[in-house]
Amino acid sequence: MGTDYVHGYTPSETRRLSEQAETLADLLHGDTHYAPGSRVLEVGCGVGAQTVQLLTRSPGIALTAVDISEESLAEAKRRVAVNAPDGQVEWHHGDLHDLPYAEASFDHLFLCFVLEHLPEPADVLSTLRRYLRPGGTITLIEGDHGSAIYHPRSAAAQAVIECLNISQAEAGGDALIGRRVQPLLTAAGFSDVVTHPRTVYADQTVPHLVDGFTRKTFIAMVGSVRDRSIAAGLSTPAAWAQGVRDLERTAEPGGTFHYSFFKGVGVR
């Protein structure tokens, strides 16, 4: 992909991605449906958390799933075999900058949490556009860590979130890319672009979101860059521990947490 995956390829990251996909399934995928027989290219399928959603919500599609990590692809194959055994998937290990497909090979493109890790997302979209048939669609979903609003407020908590943002930038990505979804799709030549925020709000009245998103998705994501941030001098062990403790307070009774994803759809 041209950069390293800032969260790491670890069992804990695989669990986090699974929790995230399951918790956010309806929010992110509820209005994405492809007709049976559609040729769909999922770029950056990772461990298959989103792949399962595509296969189960659009049965009968011919899905091609691409990722640069052999370990992630192996996990994706296992996950699909368990959760979508009737799914038709062609797996490809390779770099999204150099895919072996002819122009107009697919009816739909799907990317979720991919561009945030890439140094030149607009160029990537322009490259991928040629694999899409005229009239076909692209669906792009990205988060934006600048949309994290929480109570109680905490400078220490904000500091560890900023460590994640800086770490991702230093790895070549953009943790604030959600707000750029519409401009990126438009700059890449897609038309009829429609973008909407998909907001998660968690407090004690929705304990499944407190657990599945605040704790197991967002706080876990921040935690994945702890060692990297301390080694880079962005934080200290004590400051990090305080920041995470303060973030965890947002998942306790009286705490609240808000975050927005951005989902854009465009047409070639």
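Residue positions within a chain follow its written sequence, with the count starting from 1. Local features in this predicted model are restricted to residues whose pLDDT is 70 or higher, and side-chain atom pairs enter the listing and the counts only when it is 80 or higher, whereas totals over whole chains, interfaces and linings include all residues. Water and hydrogen atoms were dropped before computing side-chain values, which therefore reflect all heavy atoms in the structure.

Here we look at the overall build of the chain
Helix and strand counts for the chain stand at 10 helices and 8 strands. All radius of gyration figures rest on C-alpha atoms, and the globule criterion is 2.2 Å times the number of residues raised to 0.38. Against the compact-globule benchmark of 18 Å for 268 residues, the chain has a radius of gyration of 18 Å, which places it among compact chains. By its C-alpha atoms, the chain is 55 × 35 × 35 Å across when sized along the principal axes. To sort residues, take the accessible area from a 1.4 Å probe on protein chains only and compare it with the maximum for the residue type: under 20% means buried, over 50% means exposed, and anything in between is partly exposed. The buried share among the 268 residues of the chain stands at 53%. The contact criterion used is simple: two residues touch if any of their non-hydrogen atoms lie within 4.5 Å. Put simply, 80% of the contacts in the chain that link residues at least 6 apart link residues at least 24 apart. Each accessible area value is a Shrake-Rupley result obtained with a 1.4 Å probe; residue values ignore everything except the protein chains displayed when judging cover. Counting only carbon and sulfur atoms, one obtains 53% of the accessible surface of the chain, whose full area is about 11,300 Å². In this description a helix means any DSSP run of H or I spanning at least four residues, a strand means any run of E spanning at least two, and both kinds are numbered starting from the N terminus.

Re the packing of aromatic side chains
Only the six-membered ring of Trp is used, alongside the rings of Phe and Tyr, when aromatic pairs are assigned; centres must lie within 6.5 Å, and planes under 30 degrees apart are stacked while those over 60 apart are edge-to-face, with the rest tilted. Within the structure shown, the criterion is met by 10 aromatic pairs. Here the aromatic rings of F113 and F261 are separated by 5.6 Å at their centres, their planes lie at 40°, and the arrangement is tilted. Of the two residues, F113 is situated in the loop between strand 4 (106-112) and helix 5 (121-129) and F261 in strand 8 (residues 256-267); the sequence distance between them amounts to 148 residues. A relative accessible area of 3% places F261 in the buried class. Their ring planes at 10° and their centres at 6.1 Å tell us that Y150 and F257 sit as a pair that is stacked. Linking Y150 in strand 6 (residues 149-151) with F257 in strand 8, this pair joins segments that are 107 residues apart in sequence. Pair check on accessibility: Y150 and F257 agree, each one buried. In this structure an aromatic cluster arises from ring pairing among F113, Y150, F213, F218, F257, Y259 and F261.

A look at the packing of helix 8 (residues 207-223) against helix 10 (residues 237-249)
An axis is simply a line fitted to the C-alpha atoms; with a helix, the fit covers only the stretch in contact. Between two such axes, the angle follows the N-to-C directions and lies from 0 to 180 degrees. Between helix 8 and helix 10, the shortest axis-to-axis distance is 11 Å and the interhelical angle comes to 175°. The angle between the axes of helix 8 and helix 10 places the two elements in the roughly antiparallel class. Each of I219, V222 and G223 in helix 8 lies in contact with helix 10, whose residues at this interface are W240, V244, L247 and E248. Here the residues of the contact of helix 8 with helix 10 are counted per class, giving 5 nonpolar, 1 polar and 1 charged. Note on angle classes: values under 35 degrees are labelled roughly parallel, values over 145 roughly antiparallel, values of 65 to 115 roughly perpendicular, and the remainder oblique. Under the convention adopted here, Pro, Cys and the residues Ala, Val, Leu, Ile, Met, Phe, Trp and Tyr are nonpolar, Asp, Glu, Lys and Arg are charged, and Gly plus all remaining residues are polar.

Digging into the packing of helix 6 (residues 155-170) against helix 8
At a minimum axis distance of 9 Å, the contact between helix 6 and helix 8 shows a crossing angle of 70°. The angle between helix 6 and helix 8 falls in the class roughly perpendicular. When the axes of helix 6 and helix 8 are compared, the crossing they make is left-handed. Contacts from V160, I161 and L164 of helix 6 reach helix 8 at F218, M221 and V222. Split by residue class, the contact of helix 6 with helix 8 holds 6 nonpolar, no polar and no charged. By definition, any crossing whose near helix is turned counterclockwise from its far helix by less than a right angle is left-handed, and any crossing with a clockwise turn is right-handed.

What about the side chain of T217?
With respect to the helices and strands, T217 occurs in helix 8. Classification of T217 by relative accessible area gives buried; the value is 1%. Polar contacts involving the side chain of T217 include one to the main-chain carbonyl oxygen of G212, which spans 2.8 Å. Whenever two N or O atoms come within 3.5 Å, that pair is a polar contact, provided that in protein one can donate a hydrogen and the other can accept it, and provided that, for residues adjacent in sequence, both atoms are side-chain atoms.

Honestly, it's all geometry; don't read function into it.
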